[in-house]
Amino acid sequence: MLNIYLVVIGEKMPSWVVEGVAEYQKRIRGRMTMKVIEIPAIKRGKNADLGRIAVEEDQRLLAAVPKQCEIIALDRKGKALSTRQMADRFEVGLQNGEQLALLVGGPEGLSPRILQQSKETWSLSALTFAHPVVRIMLAEQVYRCYSVLEGLPYHR
């Protein structure tokens, strides 16, 4: 069983995000699961200390990662994978009994500390996306990989 955890900064997403992610979660069954772990974002005011906020959010992200998980950071400068490459990575996880935590940072992204501690760093795009969009894109891509591995027609 491969459990994939989306560990994300931000909560209280719009209903279209919650419903979209739930739909993809419902479709994944059998030898994979996808779970979302939300970490509340720290309020950023006009004179916010972004360095301190980044350190605290890093600590919260890492503390929320379930034990035994391989950490994969999502960062626009990470490795761009095709769907097939991501599905192959999930297949390796299935074969090795791994659990994967995909980390999505706050508005400033993930810190160098988390990027260094991650086993891998992936990019969904060189573009920057709003967090609700990233969550849907990531959930859809995990489902697409699942459909590839299961031989479902969705990926065509």
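Up top is the structure these notes are about.
Being a predicted model, the structure only gives us computed values, none of them experimental. (Residues numbered from 1 in each chain as written. Predicted model: local features only at pLDDT ≥ 70, side-chain atom pairs only at ≥ 80, totals over all residues. Heavy atoms only, no water.)

Visitor: Which residues make up helix 5 (residues 131–150), and what values go with them?
Guide: With 20 residues, helix 5 should reach 28 Å at 1.5 Å per residue; the first-to-last C-alpha distance of 28 Å fits that figure. Directly after helix 5, the chain includes G151, whose backbone phi takes a positive value near 70°. (Helix = DSSP H or I, 4+ residues; strand = E, 2+ residues; numbered from the N terminus. Expected span 1.5 Å × (residues − 1).)

Visitor: Account for the nonpolar core, with residues named and values stated.
Guide: A general tendency of soluble globular proteins is for nonpolar side chains to be buried together. Core analysis: the largest hydrophobic core is formed by 31 residues, its most contacted members being I4, M32, F90, L102 and V142. For this core, the secondary structure elements donating two or more residues are strand 1 (2–9), helix 1 (15–27), strand 2 (32–39), strand 3 (69–80), helix 3 (83–96), strand 4 (99–104) and helix 5. Ranked by residue count, the leading element in this core is helix 5, at ten residues. Here F90 is in contact with L2, I4, M32, L100, W122, V142, C145 and L149, once residues within four sequence places are set aside. (Core = buried A, V, L, I, M, F, W, Y, C linked by side-chain atoms within 4.5 Å. Buried < 20%, exposed > 50% of the residue type's maximum accessible area, 1.4 Å probe, protein only. Contact = heavy atoms within 4.5 Å.)

Visitor: How would you summarise the packing of aromatic side chains if you had to cite specific residues and measurements?
Guide: With the rule as written, the count across this model stands at three aromatic pairs. The interplanar angle of 45° and the centroid separation of 6.1 Å between the aromatic rings of F90 and W122 together place this pair among those described as tilted. Note that F90 is positioned in helix 3 and W122 in strand 5 (residues 120–123), a separation of 32 residues in sequence. Clustering of aromatic rings is evident, with ring pairs tying together Y24, Y143 and Y146. If you follow R27 out to its NZ or CZ, it ends over the ring of Y143, 5.3 Å from the centre. (Phe/Tyr/Trp six-rings, centres within 6.5 Å; stacked < 30°, edge-to-face > 60°. Lys NZ or Arg CZ within 6 Å of the ring centre and 35° of its normal.)

Visitor: Any chance you could break down the environment of S123 for me, citing the residues and the numbers?
Guide: With respect to the element layout, S123 can be found in strand 5. Separated by 45 residues in sequence, S123 and G78 place their C-alpha atoms 4.5 Å apart. Setting aside residues no more than four positions away along its own chain, S123 makes contact with D75, R76, G78, K79, A80 and L81. Separated by 2.8 Å, the side chain of S123 and the backbone oxygen of S125 make a polar contact. (Polar contact = N/O pair within 3.5 Å; in protein donor to acceptor, adjacent residues only side chain to side chain.)

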